[in-house]
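These are the residues of each chain, in order.
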Amino acid sequence: MNSEAVQMIQYSRFQMVRRGIMAGFPIMLGYIPVALTYGVLASQSGMTNIELTLMSVLVFAGAAQFLAVSMAAAGTGAIEIIIATFVLNFRHFVMSLSFMNRLRSIGLRAKVPLALGLTDETFTMSSLHKREAKEEFGSWFYASLMLTAYFSWVGGSFLGGVLGDVIPQRLSESMGVALYAMFIGLLIPSVKKYNRIAYIALAAMVINYLCQIWGMSQGWAIVVGTLLGGAAGIWILDDEEEE
């Protein structure tokens, strides 16, 4: 009886907003230092503070922004950067479909802007709060969660751009390891779940290396390595499932 009573509780719009902010607070704590690092690296690569902040405003994808900054610093063309970041963020299509399916009781007018706020972290946190999707003001909860993460990322990026102009060059260069740490951090949980995913990453690395040896630009080598390495996963993971 008590459990049924708890499920019947209807939260007000203000309460849902407050709960959404609280749910997004741990994401904010994680985003700010990473966003600071991105801002510093982007500033040191030659981007103005307006440009690097605008990228966070419009893109809002940490791994993709780190990749774009590193490729831009290496002199990679715009088309190669766009394709590489598109491939890297392709997983967002899957996350969006899963998220939309969960919000069946929420109108399409609210679903579309909410999908723009999906990241790995906000998707994970929203997955832990499925009951809010059935609440009257459930969309306010998810909007508050995502806006908390969004503004912390944008604000951290801007502050990082400011710090990039004042911190010592040697310190800012040492922060470049954050790029590799981020991608390794994305890879390790998947490898723990399916060991053969490490083979996919290794295949992509080898293809990337061979493409650059054969004279392909760094940007296109990343694109080709990502596509072919991902395609190899069709057979690698299929073999693991059969075992």
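Scroll up to find the structure this text is about.
Residues numbered from 1 in each chain as written. Predicted model: local features only at pLDDT ≥ 70, side-chain atom pairs only at ≥ 80, totals over all residues. Heavy atoms only, no water.

*Asks:* Can you help me understand a nonpolar patch on the surface in this one?
*Replies:* Nonpolar side chains collect at one region of the surface, where L202, M205, V206, Y209, L210, I213 and W214 lie side by side and expose about 790 Å² of accessible area between them. Relative to the helices and strands, M205 is located in helix α12 (residues 197-213). (Patch = residues over 30% accessible without salt bridge, like charges linked within 9 Å, V, L, I, M, F, W, Y side chains within 5 Å. Areas by Shrake-Rupley, 256 points an atom, 1.4 Å probe, with all protein chains shown as cover. Salt bridge = Lys/Arg side-chain N within 4 Å of Asp/Glu carboxyl O. Helix = DSSP H or I, 4+ residues; strand = E, 2+ residues; numbered from the N terminus.)

*Asks:* I tried to follow the nonpolar core on my own but got confused; where do I start?
*Replies:* In a soluble, globular protein the nonpolar side chains are often hidden away together inside. Ranked by internal contacts, the top residues of the largest apolar core, which has 39 residues, are Y38, F99, L103, Y142 and W153. Secondary structure elements with two or more residues in this core: α2 (13-44), α3 (49-58), α4 (62-73), α5 (78-88), α6 (91-102), α8 (120-127), α9 (138-163) and α13 (218-242). Non-local contacts of W153, meaning those with residues more than four positions away in its chain, are made with Y31, V34, A35, Y38, S56, F60, G62, Q65 and F66. (Core = buried A, V, L, I, M, F, W, Y, C linked by side-chain atoms within 4.5 Å. Buried < 20%, exposed > 50% of the residue type's maximum accessible area, 1.4 Å probe, protein only. Contact = heavy atoms within 4.5 Å.)

*Asks:* Is there a simple way to explain the environment of A61 in this structure?
*Replies:* Along the chain, the position of A61 falls in the loop between α3 and α4. A relative accessible area of 8% places A61 in the buried class. Along the sequence, A61 and L88 sit 27 residues apart, while their C-alpha atoms lie 9.9 Å from each other.

*Asks:* Help me understand the pattern of salt bridges, please; the structure alone is not making it clear to me.
*Replies:* Should the charged atoms of two oppositely charged side chains come close, the side chains can pair. Summed over the entire model, instances satisfying the criterion amount to one salt bridge. Of the charged contacts in the structure, one is a salt bridge between R91 and D120, with a shortest N-O distance of 2.9 Å. On the criterion of sequence distance, the pair formed by R91 in helix α6 and D120 in helix α8 is long-range, its members being 29 residues apart.

*Asks:* Explanation requested: the environment of I222 in the structure shown.
*Replies:* Looking at the element boundaries, I222 is found in helix α13. Measuring from C-alpha to C-alpha, the distance between I222 and E80 comes to 8.6 Å, with 142 residues separating the pair along the chain.

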